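Remarks on the overall topology
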Amino acid sequence: MNVNFNIFREYDIRGNADEDLTDEIVYLIGRAYGTWLINHNGSKKITVGGDARLSTERIRTAIIKGLTSTGLNVINVGLVTTPMLYWTLKYFDLTGGVMVTGSHNPPEMNGLKLCFDKGTLYGEQIQEIKNLIEAGNFIQGAGHSSKVNIDDEYLKMLKSKFKPFNKKFKVVCDSGNGAAGLTAKKYFESLGCECVSLYEKPDGNFPNHHPDPQKRENLQDLIKFVKSEKADVGFAFDGDADRLGVVDNLGNVIFGDRLMTLYWREILKAHPGALVLVEPKCSMVLPEEAEKLGGKVLYWKSGHSVIKAKMRETGALFAGEYSGHMFFADEFFGHDDAFYSAGRVLRIMSNENKSLSELMSDIEIYPSTEEIRVPCDDTIKFKVVENIKNKALENYKCSTIDGVRILYPEGWGLIRASNTQPVITVRCEGKNKIALENIMQDVKSRILAENLPDFKWTF
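No experiment lies behind these values; they were computed from the predicted model shown.

Attention now goes to the overall build of the protein. What the protein contains, in helices and strands, is 14 helices and 21 strands. Principal axes of the C-alpha set define a box for the protein whose edges measure 65 × 55 × 45 Å. Expressed as a percentage of its 459 residues, the buried residues of the protein come to 61%. Considering only residue pairs separated by 6 or more positions, the protein has 70% of its internal contacts joining residues 24 or more positions apart. Here the protein has roughly 18,100 Å² of accessible surface; of this, 48% comes from carbon and sulfur atoms.

Below, the structure written as structure tokens:
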């Protein structure tokens, strides 16, 4: 059997569903992960869930078959969001779980997030699963699986995290035909909101738009309905609902870095001097605002697994990503849950006598690009970024903790290899439009010098 070992990525296992994640290969992954888990802590039971992609049910069946072959008993929670799967580890008091999800990737892709203890496997741990498959030395057993629905218990838990709001809000939520659609409207209504729900029926064809709230083009319907419904706020979810997109009452998009400044205003007031983790795709405004509020800024790598691990290492109370992952450990479990993140926005709005647009009005917006994804083969993307980094260091100071963030006099340009896709991600920001244009021109010339495809900037 030919296994494409490039699917064993930094944060998860991900590839083309029909080619890389066949039943036979997923069965092997299940045997390897089951063996790894039993060897590490003697686990006897784990949970397995999956998103709404067309290939997910097949892959979930195959992974359960592999897991039970090692003697593990599986609680199959069916169609759920990734945060729901994370929560099952606490609800059932387990140390392992598998989420079958392609997240925001194209419909033909899918993947597996493997949980352990309070986090997810990443880096060397993912490679250990690969090595077990290559060795073929699996534990043998005869486990069984059972089906359990956790929707009501999950929503009950979320509701318990919030006291009744001081105001009644009108919310528009866009589930993008992803896994969030099963529970999103019910969740917001449980918090006392009037909810207009878009594209709530799970459909792996994603007939209305791709479920990636980081891309402005996927938020156009949400913006339209927020305006037409005169809603207080709009929320968008990615395919597995671990990332949040936000639109204010005027239809303005609030990307993750500026959204974090809103959260930090609440958190640093309650926890003065707290550590503020900042990942390299974020705007200059985030560390600037955090320092004004008395936070201690520490730059760290992108990626949900590595950020959660750094939070546990440092005791950080909150962190987030430009992409919309938000990790609350002050009053939550430390994992990324877009439903909970939306609830925190509503709580902040409830405690302030201002609209969301007014709350955001004094948070600087520097001219910037959205994140650009330039195609680059997995086998060369890290080498390409290394080449760009070495050349950039000849002319500028750079942050190299994750790719290369070139520090220009009036802004920055980021070039990094994606850990989840065969692309190089690029983003730029300047103190003003002229500075941004100059930075964009320099960054683009460095990318094209590596024989990568030409691309257009979006704002």
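What follows concerns the sheet that holds strand E17 (residues 372–375). Spatially, 5 strands are ordered E17-E21-E20-E19-E18 in an open sheet, and the strand pairing comes out antiparallel. Each edge of the open sheet carries a strand with a single partner, namely E17 and strand E18 (397–399). Adjacent strand axes in the sheet meet at a mean angle of 25 degrees, parallel and antiparallel pairs treated alike. Along the sheet, helix H14 (residues 433–448) contacts strand E19 (404–408), strand E20 (411–417) and strand E21 (423–430); its crossing angle with E21, the most-contacted strand, is approximately 155 degrees.

Within the largest apolar cluster, 82 residues are counted, with the highest numbers of intra-cluster contacts made by Phe-188, Phe-235, Phe-237, Tyr-263 and Leu-346. Looking at this core element by element, the count peaks at 8 residues for helix H11 (residues 338–350). Contacts of Phe-188, omitting those with residues within four sequence positions, involve Val-171, Cys-173, Cys-193, Cys-195, Phe-235, Phe-237, Ala-342 and Leu-346.

Along helix H3 (residues 82–91), 8 of the 10 residues are buried, which leaves the element largely enclosed by surrounding structure. Among the residues making up H3, those that are buried are Thr-82, Pro-83, Met-84, Leu-85, Tyr-86, Trp-87, Thr-88 and Leu-89. Downstream of H3 by a residue or two, Asp-93 has a phi angle that is positive, lying close to 60 degrees.

Right, let's get into the packing of aromatic side chains. Geometry of an aromatic ring pair is reported as the spacing of the ring centres plus the angle between the planes. Under the defined criterion, the tally for this structure stands at 24 aromatic pairs. Judged by centre distance (5.4 Å) and plane angle (5 degrees), the ring pair of Phe-188 and Phe-235 falls under stacked. With Phe-188 in helix H6 (residues 184–190) and Phe-235 in strand E10 (residues 233–237), this residue pair connects regions lying 47 residues apart in the sequence. Owing to a relative accessible area of 0%, Phe-235 belongs among the buried residues under this scheme. Clustering of aromatic rings is evident, with ring pairs tying together Phe-162, Phe-165, Phe-169, Tyr-263, Trp-264, Phe-318, Phe-328, Phe-332, Phe-333 and Tyr-340. One cation-aromatic arrangement involves Lys-65 over Tyr-27; the distance from NZ or CZ to the ring centre is 5.3 Å. In this structure, Lys-444 is placed above the aromatic ring of Phe-455, and the distance from its NZ or CZ to the ring centre is 5.1 Å.

This part covers the pairing of strand E3 (residues 73–79). Extensive coverage of E3 is indicated by the burial of 5 of its 7 residues. In this fold, strand E2 (residues 45–50) hands off to helix H2 (residues 56–68), which returns the chain to E3; that crossover is right-handed. Inspection of the sheet shows E3 paired to strand E7 (residues 145–147) by 3 bridges, in the parallel sense. Within E7, the position partnered with Val-74 by the bridge is Ser-145.

This part takes up the side chain of Glu-289. Checked against the element boundaries, Glu-289 lands in helix H9 (residues 285–292). Setting aside chain neighbours within four positions, we find Glu-289 in contact with Thr-261, Arg-265 and Asp-362.

The topology assignment puts Val-48 in strand E2. C-alpha of Val-48 to C-alpha of Trp-87: the two residues are 39 residues apart in sequence and 12 Å apart in space. Ignoring sequence-local partners within four residues, the contact set of Val-48 consists of Arg-60, Ile-63, Ile-64, Leu-67, Val-74, Ile-75, Asn-76, Val-77, Gly-78, Leu-85 and Val-98.

With that settled, the discussion passes to the sheet that holds strand E12 (residues 253–254). Strands sit in the order E9-E8-E10-E11-E12 across an open sheet of 5 strands; the sheet is mixed. The sheet is open, and its two edges are formed by strand E9 (194–198) and E12, each paired on a single side. Both strand E11 (residues 244–248) and E12 contribute to a ladder of 2 bridges, which runs antiparallel. Counted as the bridge partner of Val-246 is Ile-254 from E12. Contacts between H11 and the sheet are confined to strand E8 (170–174), E10 and E11, with E10 contributing the most and set at about 165 degrees to the helix.

Moving on to the pattern of salt bridges. Across all of its chains, the model carries 32 salt bridges by this definition. Note that Asp-378 and Arg-9 form a salt bridge whose closest N and O atoms lie 3.0 Å from each other. Pair noted here: Asp-378 is in the loop between E17 and helix H13 (381–392) and Arg-9 is in the segment before strand E1 (13–16), with a separation of 369 residues, a long-range link. Arg-9 gets classed as buried once you look at its relative accessible area, which sits at 9%. Glu-289 is paired through a salt bridge with Lys-292; the nearest N and O atoms lie 3.7 Å apart. Of the two residues, Glu-289 and Lys-292 both sit in helix H9, 3 residues apart, roughly one turn of that helix. For Glu-289, a relative accessible area of 10% gives the class buried. Look at Lys-292 and you get exposed, because its relative accessible area is 66%.

Let us now look at the pairing of E19. Most of E19 is tucked away, with 4 of its 5 residues classed as buried. Linking E18 back to E19 in an antiparallel pair, the connection comprises 4 residues, with Gly-403 at a positive phi of about 75 degrees. With 5 bridges joining them, E19 and E20 adopt antiparallel strand pairing. Looking across to E20, one finds that Arg-405 is bridged to Leu-414. Adjacent in sequence and paired antiparallel, E19 and E20 are bridged by 2 residues.

About the cut-offs
Residues numbered from 1 in each chain as written. Predicted model: local features only at pLDDT ≥ 70, side-chain atom pairs only at ≥ 80, totals over all residues. Heavy atoms only, no water. Helix = DSSP H or I, 4+ residues; strand = E, 2+ residues; numbered from the N terminus. Buried < 20%, exposed > 50% of the residue type's maximum accessible area, 1.4 Å probe, protein only. Contact = heavy atoms within 4.5 Å. Areas by Shrake-Rupley, 256 points an atom, 1.4 Å probe, with all protein chains shown as cover. Pairing = 2+ DSSP bridges. Axes fitted to C-alpha atoms, helices over the stretch in contact; angles between N-to-C directions. Core = buried A, V, L, I, M, F, W, Y, C linked by side-chain atoms within 4.5 Å. Phe/Tyr/Trp six-rings, centres within 6.5 Å; stacked < 30°, edge-to-face > 60°. Lys NZ or Arg CZ within 6 Å of the ring centre and 35° of its normal. Right-handed = clockwise from strand over helix to strand, strands pointing away. Salt bridge = Lys/Arg side-chain N within 4 Å of Asp/Glu carboxyl O.

Honestly, that's just the spatial picture; any functional story needs more than this.
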